[in-house]
Amino acid sequence: MNPCHDYHGKGIAPLVILFLSVGCAARPFYPLPSKVAEGSRKPLQTSRPYNLAHRGSNGEIPEETAPAYMRAIEEGADFIETDILSSKDGVLICFHDVTLDATTDINKHKEFANRKRTYEVQGVNTTGFFTVDFTLKELQLLRVRQRYPFRDQQYNGKFTIITFEEYISIALDATRVVGIYPEIKNPVFINQYVKWPGGQRFEDKFVETLKKYGYKGSYLSKEWLAQPVFIQSFAPTSLIYASNLTDLPKILLIDEVTALTQDTNQSYWEITSDSYFDYIKKYVVGIGPWKDTVVPVKDNYLQTPTDLVARAHSHNLQVHPYTYRNENQFLHLNFNQDPYEEYDYWINKIGVDALFTDFTGSLHNYQEFTSSLSSNDSDSRASKLLHKIAAMIKSYEKV
């Protein structure tokens, strides 16, 4: 068990019942205004690193689903993150893989057995059932399942794939200001196989959707703080193209340094050079590196940190690493199977500006506890909080 699972039995049961009753009927979400009067919603916090709910609270609930995003909001996420792909008929959806095989029940649908294809994706021949070969109506016949077998399987088959617009509505209808963090996913592949009227590109539809729901403004502007968003992509040309469409802040994602970009055929080593940072900072406000690119790992132990964060900061670029996960197999041995130690290391020693986590609740708890400790001079209060943290960690280590 991990600290996030303390919520089980309190808030998730009603949520699951709700989505079992209406989700299977594919009830659409509508862009309703917040239920809270304008001006009374708690604003986005900007005083500490952002808590980025990676594909929602997917450590507990299957990724990219409405309940996963709602759970993340409940647990204190500053931003809910998603990956945007497209259906065959050009509807933007929230889904991570270009194939449906790993996280849906597509193999149970015999009516789609003849849809399996082999396409080249980022230079690799990939075989499976691709989102671009299914209409939205067909995609919504599928049910999503948990990606990792060691995570909770009880919600498998209960939730549908949602659209970009439905995801946006979840954020806008929160009782506090919650940001969104959508990724322009596999744009080279999507633009190759999906065609929109008037010669529009994937990036055009993506930005058009954000504008439709009122997302605008540069980083920390009044408009941005009212509806915060970061646009992310591994494809530099997509972010540059999008820069001509909107001034919303953008994040260039960074893969393992020897990998090549899908669009410019550059290595990520090359695009983390000072000269490239000088170039790309005209279009982006930060980078989102794989965390092992920032601090190399050998035999599951951290090695000497690189200077990537310091160099990015020297170019006035934020650093938002991915992905933090609570399970022992993802926690490097330096952290003693303690996610709180990992958060402390990355926030206070490495100095990152945001963290993508699968366990929103644990990061929120860590930041709340440490904020309370640093702002409260009472020794007794600090002692109680330390005991509470110790009890949570002890509970986590028992499993």
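About the thresholds
- Residues numbered from 1 in each chain as written.
- Predicted model: local features only at pLDDT ≥ 70, side-chain atom pairs only at ≥ 80, totals over all residues.
- Heavy atoms only, no water.
- Helix = DSSP H or I, 4+ residues; strand = E, 2+ residues; numbered from the N terminus.
- Buried < 20%, exposed > 50% of the residue type's maximum accessible area, 1.4 Å probe, protein only.
- Contact = heavy atoms within 4.5 Å.
- Areas by Shrake-Rupley, 256 points an atom, 1.4 Å probe, with all protein chains shown as cover.
- Expected span 1.5 Å × (residues − 1).
- Polar contact = N/O pair within 3.5 Å; in protein donor to acceptor, adjacent residues only side chain to side chain.
- Core = buried A, V, L, I, M, F, W, Y, C linked by side-chain atoms within 4.5 Å.
- Axes fitted to C-alpha atoms, helices over the stretch in contact; angles between N-to-C directions.
- Parallel < 35°, antiparallel > 145°, perpendicular 65-115°, else oblique.
- Left-handed = near helix turned anticlockwise from the far one by under 90°.
- Nonpolar A, V, L, I, M, F, W, Y, C, P; charged D, E, K, R; others polar.
- pLDDT = per-residue confidence, 0-100.
- Pairing = 2+ DSSP bridges.
- Salt bridge = Lys/Arg side-chain N within 4 Å of Asp/Glu carboxyl O.
- Right-handed = clockwise from strand over helix to strand, strands pointing away.
- Phe/Tyr/Trp six-rings, centres within 6.5 Å; stacked < 30°, edge-to-face > 60°.

J.: Can you help me understand the overall build of the protein in this one?
T.: From N to C terminus, the protein includes 14 helices and 13 strands. The proportion of buried residues among the 399 residues of the protein is 56%. In the protein, of all internal contacts separated by at least 6 residues, the share reaching a separation of at least 24 is 70%. As displayed, the protein offers around 17200 Å² of accessible surface, 53% of which is attributable to carbon and sulfur atoms.

J.: I tried to follow unusual backbone geometry on my own but got confused; where do I start?
T.: Of all residues except glycine, most have a negative phi; of all peptide bonds, most are trans. Note that the residue after Tyr322, namely Thr323, is joined by a cis bond; omega there is -15 degrees. For Thr323, the position within the fold is in the loop between strand S12 (318-319) and helix H12 (339-350). Positioned with a positive phi, Glu64 is a non-glycine residue whose angle comes to about 65 degrees. Inspection of the secondary structure assignment puts Glu64 in the loop between strand S1 (50-53) and helix H2 (66-74). For Glu64, a relative accessible area of 2% puts it in the buried group. The backbone of Asn186 shows a phi angle near 45 degrees, a positive value even though the residue is not glycine. Mapping Asn186 onto the fold places it in the loop between strand S6 (179-184) and helix H5 (187-193).

J.: Teacher, can you tell me more about H12 here?
T.: Think of an α-helix as 3.6 residues a turn; residues three or four steps apart then line up on the same face. Given a rise of 1.5 Å per residue, 12 residues ought to cover 16 Å, and the 15 Å separating the end C-alpha atoms of H12 matches this to within 8%. Residues of H12 that are buried include every one of Pro339, Tyr340, Glu342, Tyr343, Tyr345, Trp346, Ile347 and Ile350, and no others. Its side-chain oxygen at 2.8 Å from the backbone nitrogen of Tyr340, Asp338 defines the N-terminal cap of H12.

J.: Would you take a moment to explain the nonpolar core for this structure?
T.: The biggest cluster of nonpolar side chains holds 98 residues, and the ones touching the most others in it are Ile80, Leu210, Tyr215 and Trp346. Filtering out sequence-adjacent residues up to four positions away, Ile80 remains in contact with Ala53, Tyr69, Ala72, Ile73, Tyr167, Ala171, Val178, Gly179, Ile180 and Tyr181.

J.: It is not clear to me how the packing of H2 against helix H4 (residues 164-172) should be interpreted in this structure. Could you clarify?
T.: Packed helices, taken two at a time, are described by the angle between their axes plus the distance between the axes. Two numbers describe how H2 lies on H4: the axes approach to 10 Å, and their chain directions differ by 20 degrees. In terms of orientation, H2 and H4 fall into the roughly parallel class. Once H2 is placed against H4, the crossing between them reads as right-handed. Along its contact with H2, which presents Ala66, Tyr69, Met70 and Ile73, the element H4 presents Tyr167, Ile170 and Ala171. Considering only residue class, the contact of H2 with H4 consists of 7 nonpolar, no polar and no charged.

J.: What is the right way to read the confidence of the model for the protein from this model?
T.: Detailed conclusions should not be drawn from predicted coordinates in areas where pLDDT is low. Predicted confidence across the protein gives a mean pLDDT of 89, with 83% of residues reaching 70 or more. Taken together, the stretch residues 1-36 has pLDDT below 50 and engages in 71 contacts with residues farther than four places along the chain or on a different chain.

J.: Explanation requested: the side chain of His320 in the structure shown.
T.: Relative to the helices and strands, His320 is located in the loop between S12 and H12. By relative accessible area, which is 0% here, His320 ends up buried. Of note is the side chain of His320, whose polar atom sits 2.7 Å from the side chain of Tyr181. Polar contacts involving the side chain of His320 include one to the side chain of Gln318, which spans 2.8 Å. The residues touching His320, leaving out its near neighbours within four places in the chain, are Leu52, Tyr181, Phe230, Ile251, Ile287, Gly288, Pro289, Asp353, Ala354 and Phe356.

J.: What exactly am I supposed to notice about the pairing of strand S5 (residues 124-128) here?
T.: Regular strands place side chains that alternate from one sheet face to the opposite one. Two elements, strand S4 (residues 117-121) and S5, share 5 bridges in a ladder whose sense is antiparallel. Of the residues in S5, the one forming a bridge with Glu120 is Asn125.

J.: I keep staring at the pattern of salt bridges and nothing clicks. Help me out?
T.: Once their charged atoms are close, side chains differing in charge can pair, the charge on each being opposite to the other. Taken as a whole and judged by the stated rule, the model has 21 salt bridges. Notably, a salt bridge pairs Arg71 with Glu74, separated by 3.9 Å at the nearest N-O pair. In this pair, Arg71 and Glu74 are both assigned in helix H2, 3 residues apart and thus about one turn of the helix distant. Judged by its relative accessible area of 1%, Arg71 is buried. Accessibility expressed as a relative area gives 37% for Glu74, which makes it partly exposed. The partner of Glu327 in a salt bridge is Arg151, and the shortest N-O contact between them spans 2.6 Å. Here Glu327 is found in the loop between S12 and H12, whereas its partner Arg151 is found in the loop between helix H3 (136-139) and H4, with 176 residues between them in sequence. Here Arg151 falls in the buried class, since its relative accessible area comes to 4%.

J.: So what exactly am I meant to see when it comes to the pairing of strand S9 (residues 286-289) here?
T.: With burial as the criterion, each face of S9 is covered, one bearing Gly286 and Gly288 and the other bearing Ile287 and Pro289. With helix H9 (residues 274-280) bridging strand S8 (residues 250-254) and its parallel neighbour S9, the resulting β-α-β unit is right-handed. Judged from the 2 bridges that link them, S9 and S12 form a sheet pairing that is parallel. Opposite Ile287, over in S12, you have Val319 as the bridge partner.

J.: Would you mind showing me how to read the packing of aromatic side chains here?
T.: The description of an aromatic ring pair rests on the distance of the ring centres and on the angle between the ring planes. Considering all chains together, one arrives at 35 aromatic pairs under this definition. Between the aromatic rings of Tyr69 and Tyr167, the centroid separation amounts to 5.1 Å while the plane-to-plane angle is 65 degrees, which identifies the pairing as edge-to-face. A residue pair is termed long-range when its members are at least 10 positions apart, and Tyr69 in helix H2 and Tyr167 in helix H4 qualify at 98 residues. Taking relative accessible area as the criterion, Tyr69 reaches 0% and is therefore assigned buried. The class of Tyr167 is buried, set by a relative accessible area of 0%. Consider the rings of Tyr119 and Phe130, whose centres lie 4.7 Å apart with planes at 70 degrees: the pair is edge-to-face. Here the residue Tyr119 occupies a position in strand S4, and Phe130 occupies one in the loop between S5 and H3, the gap between them amounting to 11 residues. Residue Tyr119 shares its accessibility class with Phe130, and that shared class is buried. Following the ring pairs from residue to residue traces out a cluster consisting of Tyr50, Phe79, Tyr181, Tyr219, Trp224, Phe230, Phe234, Tyr268, Tyr322 and Phe356.

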